[in-house]
Amino acid sequence: MINLEPIWLTAKLALITTIILFIVAIPLCYWLSYSRFRFKAVIEALISLPLVLPPSVLGFYLLIGFSPENAFGKFLSDYFDLRLVFTFQGLILASVLYSLPFMVNPILSGLKNLPPALQEASFTLGKSRFVTVTKILLPNIQTSLLTGIIMTFAHTIGEFGVVLMVGGSIPEETKVVSIAIYEEVESMNYYNANVYAGILFVFSFLILLTVHLINNKSRKTTLY
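Cut-off values and rules
Residues numbered from 1 in each chain as written. Predicted model: local features only at pLDDT ≥ 70, side-chain atom pairs only at ≥ 80, totals over all residues. Heavy atoms only, no water. UniProt positions renumbered as here; feature names shortened; annotations may be inferred. Helix = DSSP H or I, 4+ residues; strand = E, 2+ residues; numbered from the N terminus. Salt bridge = Lys/Arg side-chain N within 4 Å of Asp/Glu carboxyl O. Buried < 20%, exposed > 50% of the residue type's maximum accessible area, 1.4 Å probe, protein only. Patch = residues over 30% accessible without salt bridge, like charges linked within 9 Å, V, L, I, M, F, W, Y side chains within 5 Å. Areas by Shrake-Rupley, 256 points an atom, 1.4 Å probe, with all protein chains shown as cover. Phe/Tyr/Trp six-rings, centres within 6.5 Å; stacked < 30°, edge-to-face > 60°. Lys NZ or Arg CZ within 6 Å of the ring centre and 35° of its normal.

### Observations concerning the UniProt feature "transmembrane region" (unreviewed entry) in the chain
Right, so step 1: UniProt's entry tags residues 13-33, 45-64, 84-104, 145-170 and 190-214 with the feature "transmembrane region" (unreviewed entry), counted in the numbering of this structure.
Right, so step 2: Split by type, residues 84-104 is 81% helix and 0% strand. Its first and last C-alpha atoms lie 24 Å apart.

### A few points about the pattern of salt bridges
Right, so step 1: Summed over all chains, the structure comprises three salt bridges.
Right, so step 2: A salt bridge links lysine 112 to glutamate 44, with the nearest nitrogen and oxygen atoms 3.1 Å apart. Within this pair, whereas lysine 112 is found in helix H5 (residues 88-112), its partner glutamate 44 is found in helix H2 (residues 40-52), the two being separated by 68 residues in sequence.
Right, so step 3: Overall, the relative accessible area of 23% leaves glutamate 44 in the partly exposed class.
Right, so step 4: Glutamate 183 serves as the salt-bridge partner of lysine 175, at 3.1 Å between the closest nitrogen and oxygen.

### Overview of a nonpolar patch on the surface
Right, so step 1: On the surface, a nonpolar cluster with roughly 760 Å² of combined accessible area is contributed by Trp31, Phe37, Phe39, Val42, Leu46, Leu49, Leu51 and Val52.
Right, so step 2: Summarising the element assignment, tryptophan 31 is placed in helix H1 (residues 5-34).

### A look at the packing of aromatic side chains
Right, so step 1: Applying the stated rule across the entire model yields nine aromatic pairs.
Right, so step 2: Summarising the aromatic geometry, the rings of phenylalanine 66 and phenylalanine 72 are spaced 6.3 Å apart at their centres and angled 40° between planes, so their arrangement reads as tilted.
Right, so step 3: Within the aromatic cluster, the residues linked to one another by ring pairs are Trp31, Phe37 and Phe39.
Right, so step 4: Taking NZ or CZ as reference, lysine 12 lies 4.9 Å from the ring centre of phenylalanine 88, over its face.

### Considering the side chain of serine 178
Right, so step 1: Tracing the backbone shows serine 178 in helix H10 (residues 177-186).
Right, so step 2: For serine 178, a relative accessible area of 8% translates into the label buried.

In structure tokens:
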């Protein structure tokens, strides 16, 4: 009998992570696109680090940092009664950090490809920065926004190393689908593992298909 709780927990984690990252990514990408900060390249490299860093490495350092035995974890525990190790809250923060480049990079690329005159014209017409971003810049990078949202959600769905290190495998708390697959294989229960893996396989394919369809449609619109 398949337990649907890991599927629901995974979807919940992916949804919350995607919403948080979308809210964070918009001002961050705008600042990276238009700021003259000298060390922007360092910030961009740090954001993209999870793309090349082994998940177990990032998960290990997050586990150490979130631990109540260390300064950050102790501060959260003592002053906010918040524990991030082996909790769903910890999974959310770990997923936000691990999936950050999947939201930021497409949006940042879209903003950088916009002509600078677009923002300058908006300011010349007396539009505020907020109106310029929300009414002019973002509508012109809808494809980048959708790509960032879809890829972030899909990437969070498939996380394993980071969530295993930070969250462990607590039923109804941190046991997501990827962890469930691992445990089913360890128990040699290949039928359940196959069902879980099949769900992730089909979902991942549909996500990538959607991204390619959106990009192809965007290219055709640009050409015509």
